Amino acid sequence: KVKTEGDNYYDLLGLDASAGEAEIKTAFKRLARENHPDKFVDEVAKARQEEVMKNINQAYSTLSDDMSRAEYDSRRNSEEAGDPNKEEEMVKVFQQFFDEVQKVANDWAQSQAEKGRKVNRRILNLYISDYLLNNKEYFQAKY
């Protein structure tokens, strides 16, 4: 049975988002064979299968074209980003990042003060920029 309501095109075709061109084509052919309206005698069932096939065709048409697929994936990712749980997770990640940078900046400013050096906002911003650039790989991996 094919899922049609509320499912994304990958779910509809029984694929994951990393599926390649051959996998998409194979899934489409299998589903088209299984769900073709001509296989059904009952008019109500036939009409229902026409709708199912329309959805399958739309999914295949979108996922088999690189440009359409990229647009679809982008929309899908944007919609997922609106998920409150994802939003909450993003807030936590940003908070962890800023807390970590703030601690490093405070520690550095304190070490400078202990050495008798004055630290103004401009110097602190330069230190933070250098710190982030010098630790770019660390932050990319962690966050």
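Treat the numbers as computed from the prediction; the structure is a model and nothing was measured.

J.: How would you summarise the nonpolar core if you had to cite specific residues and measurements?
T.: Of all hydrophobic cores here, the largest spans 16 residues; its most connected members are Leu13, Leu15, Ile24, Ile56 and Leu63. Of all the secondary structure elements, the ones that give two or more residues to this core are helix 1 (9-13), helix 2 (21-35) and helix 3 (43-64). Discounting residues that sit within four places of it in the chain, Leu13 has contacts with Ile24, Ala27, Arg30, Leu31, Ile56, Ala59, Tyr60 and Leu63.

J.: Mind laying out the packing of aromatic side chains, listing which residues take part and the relevant values?
T.: Taken as a whole, this structure holds 10 aromatic pairs when the rule is applied. The interplanar angle of 15 degrees and the centroid separation of 4.6 Å between the aromatic rings of Tyr9 and Tyr72 together place this pair among those described as stacked. With Tyr9 in helix 1 and Tyr72 in helix 4 (residues 66-81), this residue pair connects regions lying 63 residues apart in the sequence. Here Tyr72 falls in the buried class, since its relative accessible area comes to 9%.

J.: Report on the pattern of salt bridges, specifying residues and quantitative values.
T.: Side-chain pairs of opposite charge can arise where the charged atoms are in close proximity. A full pass over the atoms with the stated rule returns 5 salt bridges. Across the salt bridge formed by Glu100 and Lys142, the nearest N and O atoms sit 3.1 Å from each other. Of this pair, Glu100 sits in helix 5 (residues 84-114) while Lys142 sits in helix 7 (residues 136-142), and the two are 42 residues apart along the sequence. By relative accessible area, which is 18% here, Glu100 ends up buried. One salt bridge in this structure joins Asp107 and Lys103, with 2.8 Å as the shortest N-O distance. In this pair, Asp107 and Lys103 both sit in helix 5, 4 residues apart, roughly one turn of the helix. The exposed category is assigned to Lys103, whose relative accessible area is 51%.

J.: Please set out the side chain of Asn8 residue by residue, giving values where relevant.
T.: Relative to the assigned elements, Asn8 resides in the segment before helix 1. Overall, Asn8 belongs to the buried group, its relative accessible area being 18%. In this structure the side chain of Asn8 is engaged in a polar contact, spanning 2.9 Å, whose partner is the backbone nitrogen of Tyr10. Polar side-chain contacts of Asn8 include one of 2.8 Å to the backbone nitrogen of Asp11.

Conventions used here
For every chain, the first residue of the written sequence is number 1, and numbering continues from 1 along that sequence. In keeping with the model being predicted, local features are shown solely for residues with a pLDDT of at least 70 and side-chain atom pairs are shown and tallied solely at 80 or more, while totals for entire chains, interfaces and linings include all residues. Side-chain metrics in this entry use all non-hydrogen atoms of the structure; hydrogen atoms and water are not considered. By nonpolar core we mean a set of buried residues, namely Ala, Val, Leu, Ile, Met, Phe, Trp, Tyr and Cys, connected to one another through side-chain atoms within 4.5 Å. The classification of residues rests on relative accessible area computed with a 1.4 Å probe and restricted to protein chains. Under 20% of the type maximum is buried, over 50% is exposed, and intermediate values are partly exposed. Note on conventions: DSSP H or I runs of at least 4 residues are helices, E runs of at least 2 residues are strands, and numbering of each starts at the N terminus. Residue contacts are defined here by distance: any two heavy atoms, one from each residue, within 4.5 Å place the two residues in contact. Stacked, tilted and edge-to-face are the three classes applied to pairs of Phe, Tyr and Trp rings, where Trp contributes its six-membered ring and a pair requires centres within 6.5 Å; stacked means planes under 30 degrees apart, edge-to-face means over 60, and tilted covers the rest. The rule for a salt bridge is simple: a side-chain nitrogen of Lys or Arg has to be within 4 Å of a carboxyl oxygen of Asp or Glu. Throughout this description, a polar contact denotes any pair of N or O atoms lying within 3.5 Å of each other; where both atoms belong to protein, one of them has to be capable of donating a hydrogen while the other can accept it, and for residues adjacent in sequence the pair is counted only when both atoms sit in side chains.

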